Amino acid sequence: MKTRRIQSGMTGWTVLTTCMCMGWLGCGSDQQVQEQTAADDTFTITIDRAENGAIASSAREGEDQHTVIPRTLSFEMAGFSSSRDSEATAEQRAAARQAAIIDAFCRALIEARRSRGQTDSDFEARLGPCLTVTHCTTEDGYDVEVKLIRRGAGTTLLVRNGVLQHLPCDWQLIHRMFEETNGEFSLLGTERAATTDTYVARVGCYLPEGLGESLAGGVAEDAEND
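Please read all numbers here as calculations on a predicted model, not as lab measurements.

**Student:** Please explain the packing of aromatic side chains as it appears in this structure.
**Tutor:** Aromatic rings considered in pairs are described by the distance between their centres and by the relative angle of their planes. Inspection of the entire model under this criterion finds 2 aromatic pairs. A centroid spacing of 5.3 Å and a plane angle of 55° characterise the contact between Phe105 and Phe178, whose relative ring orientation is tilted. In this pair, Phe105 is assigned in helix α2 (residues 90-115) and Phe178 in helix α3 (residues 171-179), connecting sequence segments 73 residues apart. There is no split in this pair, since Phe105 and Phe178 are both buried. Each ring, one from Phe105 and one from Phe185, has its centre 5.5 Å from the other, and the planes form 75°; the classification is edge-to-face. Separated by 80 residues along the polypeptide, Phe105 in helix α2 and Phe185 in strand β7 (residues 185-193) bring together distant segments of the chain. Each member of the pair, Phe105 as well as Phe185, carries the same accessibility label: buried. By way of ring pairs, the aromatic residues Phe105, Phe178 and Phe185 are connected into one cluster. For the cation-ring pair, Arg97 lies above Trp171, with the distance from its terminal atom to the ring centre recorded as 4.7 Å.

Okay, structure coming up:
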């Protein structure tokens, strides 16, 4: 009987030791799994640039792709607009500034067309697959209409006699407008005359190096507009 008790005790101790070892191994395994998971998480974070507002990749937005053409500055034109109020709100000032930019852009386009003997008023010019500029004279002045497609959505900007006819747009659209010209037109700067509340914008026209005159508005344009 005594011998049996000793064997029983040893068997119990063996079982207890085995359980403890298994528990330790189990905890060690769990810890290793947790550490491995944490390490894996560190290297599997992805960022969608289209969602955070950065420039999209070529696979997501083919419209952002342009062939860079070396160009040199040919001339620059100025456009004007007024906020009409010395105590104008930030929105009104933004509208006046955007109107001056669009006005300068159209004046530069007109000058480029005139230098090639093309119609410099009452025309519709397509400067890219996503940008169309229309100029027309009216009884009391002129209208400039810019149609821009960005990310599949169309936007129309209208300036009448140097005044924006709607609320100011997202400034990214203004930048996009120049990007669509593939470097042919570029915004050189804007400034405000505090005494007159007039905004002045300057836009430059760039000619391809060694290629002579630029081709602004000459792509996909109706023959009757020339």
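Past the structure itself, the notes keep going.
**Student:** Honestly, the pattern of salt bridges in this entry has me stumped. Any pointers?
**Tutor:** Any two side chains of opposite charge can pair, on the condition that their charged atoms come close. In total, this model carries 8 salt bridges according to the counting rule given. Taking the shortest distance from any N to any O, the salt bridge between Arg160 and Asp143 comes out at 2.9 Å. Taken together, the positions of Arg160 in strand β5 (residues 153-160) and Asp143 in strand β4 (residues 141-150) put the pair 17 residues apart, joining distant regions of the chain. For Arg160, a relative accessible area of 34% translates into the label partly exposed. Note that Glu180 and Arg176 form a salt bridge whose closest N and O atoms lie 3.2 Å from each other. Here the two residues Glu180 and Arg176 agree in accessibility, since each one is buried. Connected via shared salt-bridge partners are Glu111, Arg114 and Asp120.

The rules behind each value
- Residues numbered from 1 in each chain as written.
- Predicted model: local features only at pLDDT ≥ 70, side-chain atom pairs only at ≥ 80, totals over all residues.
- Heavy atoms only, no water.
- Phe/Tyr/Trp six-rings, centres within 6.5 Å; stacked < 30°, edge-to-face > 60°.
- Helix = DSSP H or I, 4+ residues; strand = E, 2+ residues; numbered from the N terminus.
- Buried < 20%, exposed > 50% of the residue type's maximum accessible area, 1.4 Å probe, protein only.
- Lys NZ or Arg CZ within 6 Å of the ring centre and 35° of its normal.
- Salt bridge = Lys/Arg side-chain N within 4 Å of Asp/Glu carboxyl O.

Structural measurements only, silent on function.
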